[in-house]
Every structure is written in C-alpha cells, then in structure tokens.
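# Observations on the model geometry
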Amino acid sequence: MTTSTMSRSLTRVLAGLLLSFTVASAWAEMVIIVNPKNPVANMSAEQVSALFLGKSSVMPSGATAAPVDQQEAGPLYEEFYAKVAGKSSSQVKAAWSRLTFSGKGTPPRAMASSVEIRKFVASNVDAIGYIEKSAVDASVKVVLSVN
Amino acid sequence: MPGLFGLGLLALVLGLSQPAQAQDFDFKGFGTLAVGAVQSGSRETQLMGRYDCPCAIADYGHGGLYSKSWSASPESKLGLQSTWKFAPQWSATGQVVVRDVDGLKAGLEWAYLSYTPSSNWTLQLGRKRLPLFYYSDFQDVGYAYNWIRPPQDVYGWEVINFNGFTAAYNTQLGDWSLRGSAFGGREATKDNDAAKIYYDSRQDITWKGIVGADLELANDWLTLRFNLIKNKVDQWDYSSGTREQVTRSQAQLIYGVAANIDWEDWLLRSEYSIFDRSDFAYKANGVAIAVGHRFGKFTPMLTLGRYRETNRWAPDTVQRDDTLSLSLRYELGRSTALKVQWDRFKDKSGPELDFVGNSKLITLSLDTVF
C-alpha cells in the first residue's frame, strides 16, 4: 500500500465515520403511507421508487397512483430518494426533466409538511406519500418502512 | 404549421395569463449555454460553401457545427414549456425552443393535446418529437443527461419532430415498469437543416406515413428500450434553381435498442440503431457505448461511437466515422450542471465522399432546468 492510497483509505474511513454520525442524528425513521382503502398491503422499495421517479403511474394493484412529495429543502426528501431509490436529488431532478419536457409525466406535487401529506393521503384513495414514523396515525396505512 | 404554432402559442399565452397559484397551469423551462471550438482538424476548405473548417458536427438535426473560433451558437438553447390542464383528463402543452444555430430562431417543438382516459393510457394529438432514439424526445434538455450532447454517431438524422398522434400505455409488472407507445403522422421540412451538412443547395425533405412503436422496460438498475419506425421519404432538390423531386415515396425502416444501467455509482449507456434505406440508397448503423462513474457531484464518462453505411450502388461514397469522447458533469447547485467534453472524431468516409474530416473538439456547457 502506497502512502497516497493509505491516506486515501484513511480519509474514506474518517469520512464514513463522520457520515454515520450525521446520518444517525439527522435521518429519522421513515414510512411510506397509502390510504387505508387502498388494497395494497406491502410495497417494495422498487415499486415505490418507480412511482416517485415517474417510471410508473399505477399501483401494484393496477389502480392509479397519486404520489405526493416532501419539500425538496425539507429533512426527509434527500433521505427518501437516497434510501428508497438510491438516487441523489440532482439525479431525481434529471429523471423528471426528461419526463416533464417529453410529455411523459409531471413530478409529484410537493406539500408543505408531513401533517399535510398525511391528511392528503387519508382523504385520497390513490395517494401515496412518505413521512416520519412518528407522524403516522390510524388515518393512513404503512406499506413500507425505511430505516 | 401555423395552426399548430397557434395552438402552442395559445397554450403558452393562456398559461401565462393564469394566476401563478392556479393548479391547472404550469410553466417550466430549460436552458443550455454551450461554447466550443475545434482544436485541430483535417479539413481545410469550407464544407458545402457554408461551414468554416476545420470543423466538427455537434448537432446533425439542426446543422450545428463548431469551427476553430469559439462559438456559443451551435448548441446553446432556451426552452419554455407551458401545460394547461383544462379538464380532469385533458391538457394542452406547448414548448418553444430558441436556438442560434442559423441566426436566432424560435421553433415550436411540441404542441399537443393530451387525454388520459385511465391511469394506464395516454392519448396525445399534435406536434411532438419523433422518438427515433432513446434521447430523442429530451435531446434539448441537457440537464437530463451527462454528456454535452447524445452521441452524434447515433443521433444524426434529418427529421426531429412530427405531427400526428401517440397512444401510450404504462403498467407495473412486479418490480418492472413497462411503457409502450404506438404513433403515426408525418413531417414536412423546408430547407432541411441536417441536409445543409450534405448538400450545397436547399433540400426539402418529407417523411410521410410514419408508423412506429416503442417499448421501454425498467427496473431500479436497468432500462431497456426497443423501437421500430416505418415511413416513406420524399425529397426535393433546388440545385438547378427549380424545385425538383429527387426521391419519391421511398420506404425506410428504422429500428434500434438501447440498454442503460445504473448500478450503485456505475453507469452504462448504450444504443444501437439501424436505418434501412436499402431500397433506394443505403443501410446505416450507429452504435454508442458509454461507461461512467459518479463521484459525489462529479460524473466522468468515456464514450465510444461508431457510424457505418453500406451502399450497394455507390460503395465508395459511404459515410463512416468513429468518435471517442471524454466528458465530465459537475452538479452546480440544485438544478444546474456544468459540463466539459472532449471529442475525437475520425472521418473514415469515402474514398469518394468528401466529408467533414477528422477533428478534435472541446466544449463547455451550463445546463439548467427551471
């Protein structure tokens, strides 16, 4: 191992440690929620990310999906796309730019808060959203948990 | 197309006149500021008495070439799009793109009515991009991809848009998303821009009876696209001073496949396309393969492109070329990317075809969406 690769791996370890601390403190436990009337009981990360990246506009049950998003600057946005879709926010924006300007779809509407998202999902059968686990109540159904 | 232009303009004006908070209207845009210059090249005389050389082709479809002096004209563009949702299942969309390739001009790229009878189906009628290749329908939106331009060994054709209809279907099968479409229509071009690279006189080119289909399958790391298009070509030449039809209802068949992989931070982009015009001229195939890796905000890519023609009546006048490209994308803030790209183009055409020549091209761009 040369000095440069050694210092590089050292940097990587340090960066990893630093990242794990920030992650532990900043990233909350998150759940993907749908309306209780939605027949879907569980969804995979792939199925959820397909809806939020515009690859699909239908639920696994065949029903229409109406995804609603968190604010881009909010605390959950980046975590959701990183963990569920494995994408950075610029990759998400690039994917939606393709669809928006070629008549294939429009990005999910961003709502102001988790409470608003929960209310929207509770009152719309087709809706799907993501909120902190602590913000869940009986008005919505959890189809996927993300840690 | 005054009718369609009117429709697009109407959509834009109606959109703009709506209060910004109205949910039935949205207004979006994209822009690319690209500057480039040929570092060196083998051709010393003008191409078609029009382009200064040494030169490099950056945009076949719009006839955009760089020469030795730095220029922002060949590839810079500004696009504005407005969608007006005037009923629950209906919308009208207009998209205007301003370019400076041959003087500052605004072109209506999209103007269509969209009807969504169910979550699976979308029907569209109007002016759209012809989806010849994977990147065709968002080729103008530089922010949406990592190069400065999609590989021109594949993306170099004379027709960009068409007027007609599209029926699109989408569904989810397990972890796979499926999107398919069937479309039909025609496109008539006057003084065709791509033909400016090949003819010194004006050419009018019409693709009529366009019938095609494409199918895209995607899971979280793999995207596959297949397409098939059939149509007839008419062409008129003005070299004698009068309009003379040189091609009449000749059939062509276009088909291709694209495979893209996003595996952790690795990415692969590949596309293979065949233009079969063997009934009246030639058969062409273009292939491009790119490998890249994301390092945080940086995405470097290495791309190889190759274009080959065969012509059984004039085997010595075929175009052939190879391109090697190195590109780097950097994320500059939330919706802007800075890119730099170096292309080495090897012209292997001929021996009887006096084409664009070898070149080395450097280009920088700033791409944004808003």
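Residues numbered from 1 in each chain as written. Chains lettered and ligands numbered in written order. Predicted model: local features only at pLDDT ≥ 70, side-chain atom pairs only at ≥ 80, totals over all residues.

### Regarding the sheet that holds strand β2 (residues 66-69) of chain A
Overall, mixed pairing links the five strands, which are arranged β3-β2-β4-β1-β5 (chain A) in an open sheet. Across the chains shown, the open sheet's two edge strands, defined by having one partner strand only, are β3 (109-110) and β5 (141-146) of chain A. (Pairing = 2+ DSSP bridges. Helix = DSSP H or I, 4+ residues; strand = E, 2+ residues; numbered from the N terminus.)

### Details of unusual backbone geometry
Residues and elements named next belong to chain B. With an omega of 10°, the peptide bond between Cys53 and Pro54 qualifies as cis. Note on placement: Pro54 falls in the loop between β1 (25-41) and β2 (56-59). Of the consecutive residues Gly350 and Pro351, the connecting peptide bond is found in the cis state with omega at 15°. In this structure, Pro351 sits in the loop between β17 (336-347) and β18 (359-369). Its identity as a non-glycine residue notwithstanding, Met48 has a phi of 55°, on the positive side.

### Re the interface of chain A and chain B
With 23 residues of chain A at the contact, the number on the chain B side is 31 residues. Listed by contribution, the elements that provide at least two residues to the side of chain A that touches chain B are α2 (45-52) and α4 (89-100) of chain A. For the side of chain A that touches chain B, the element with the highest residue contribution is α4 of chain A, accounting for seven residues. Residues belonging to the side of chain A that touches chain B are distributed by class as follows: six nonpolar, 13 polar and four charged. (Contact = placed C-beta atoms within 7 Å. Nonpolar A, V, L, I, M, F, W, Y, C, P; charged D, E, K, R; others polar.)

### A closer look at the pairing of β1 of chain B
All names here are of chain B. Bridge analysis of β1 against strand β4 (residues 77-87) gives eight bridges, and the strand direction is antiparallel. Looking at β4, one finds that Phe30 is bridged to Gly79. With eleven bridges joining them, β1 and β18 adopt antiparallel strand pairing. Bridge assignment links Ser40 to a residue of β18, and that residue is Lys360.

### Comments concerning the pairing of strand β10 (residues 203-218) of chain B
Residue and element names in this part refer to chain B. Examined bridge by bridge, strand β9 (residues 176-189) and β10 share twelve bridges and lie antiparallel to one another. Considered in β10, the bridge of Glu187 is made with Trp207. The pairing of β10 with strand β11 (residues 222-237) spans 14 bridges and is antiparallel. Its bridge partner being in β11, Thr206 is matched across the sheet by Asp234.

### Observations concerning the confidence of the model for chain A
Mean pLDDT over chain A works out to 85, with 82% of the residues at or above the 70 mark. Low pLDDT, under 50, characterises residues 1-6 of chain A; the predicted model gives this stretch one contact beyond four residues in sequence or across chains. (pLDDT = per-residue confidence, 0-100.)

### Quick word on the confidence of the model for chain B
On average, residues of chain B score 93 in pLDDT, and 94% of them are at 70 or above. The low-confidence segment residues 1-5 of chain B, where pLDDT is below 50, has eight contacts with residues more than four positions distant or belonging to other chains.

### Notes on α4 of chain A
Over its twelve residues, α4 of chain A runs 16 Å from end to end, which matches the ideal 16 Å to within 8%, given 1.5 Å per residue. What α4 of chain A keeps buried is the set Ser90, Val92, Lys93, Ala94, Ala95, Trp96, Ser97 and Thr100 of chain A. Looking at the packing, one finds that the buried side of α4 of chain A touches α3 (77-85) of chain A together with β1, β16 (321-331) and β18 of chain B. (Expected span 1.5 Å × (residues − 1). Buried ≥ 20, exposed ≤ 12 C-beta atoms within 10 Å, placed from the backbone.)

### Details of the environment of Asn260 of chain B
Residues and elements named next belong to chain B. Counting through the fold element by element, Asn260 comes out in strand β12 (residues 244-263). Here Asn260 falls in the partly exposed class, since 17 other C-beta atoms lie within 10 Å of it. Taking the C-alpha atoms as reference, Asn260 lies 6.5 Å from Leu224; in sequence the two are 36 residues apart. Each residue touching Asn260, except ones within four places of it in the same chain, is listed here: Thr223, Leu268 and Arg269.

### Section: the environment of Lys360 of chain B
Residues and elements named next belong to chain B. Tracing the chain through its elements places Lys360 in strand β18. What makes Lys360 partly exposed here is the crowd of 16 C-beta atoms within 10 Å. For Lys360, the residues in contact, after removing those within four places along its chain, are Val38, Gln39, Ser40 and Arg344.

### Re α3 of chain A
For an α-helix, 3.6 residues make a turn, and residues three or four places apart therefore share a direction. Residues and elements named next belong to chain A. Listing the buried residues of α3 in full gives Phe80, Tyr81, Val84 and Ala85. Around the axis of α3, the buried residues are gathered within 90° of arc, so they sit on the same side. On its buried face, α3 is in contact with β1 (30-34), α2, α4, β4 (127-132) and β5. Note on α3: the residue one or two positions beyond its end, Gly86, has a positive phi of about 65°. (Arc of directions from axis to C-beta.)

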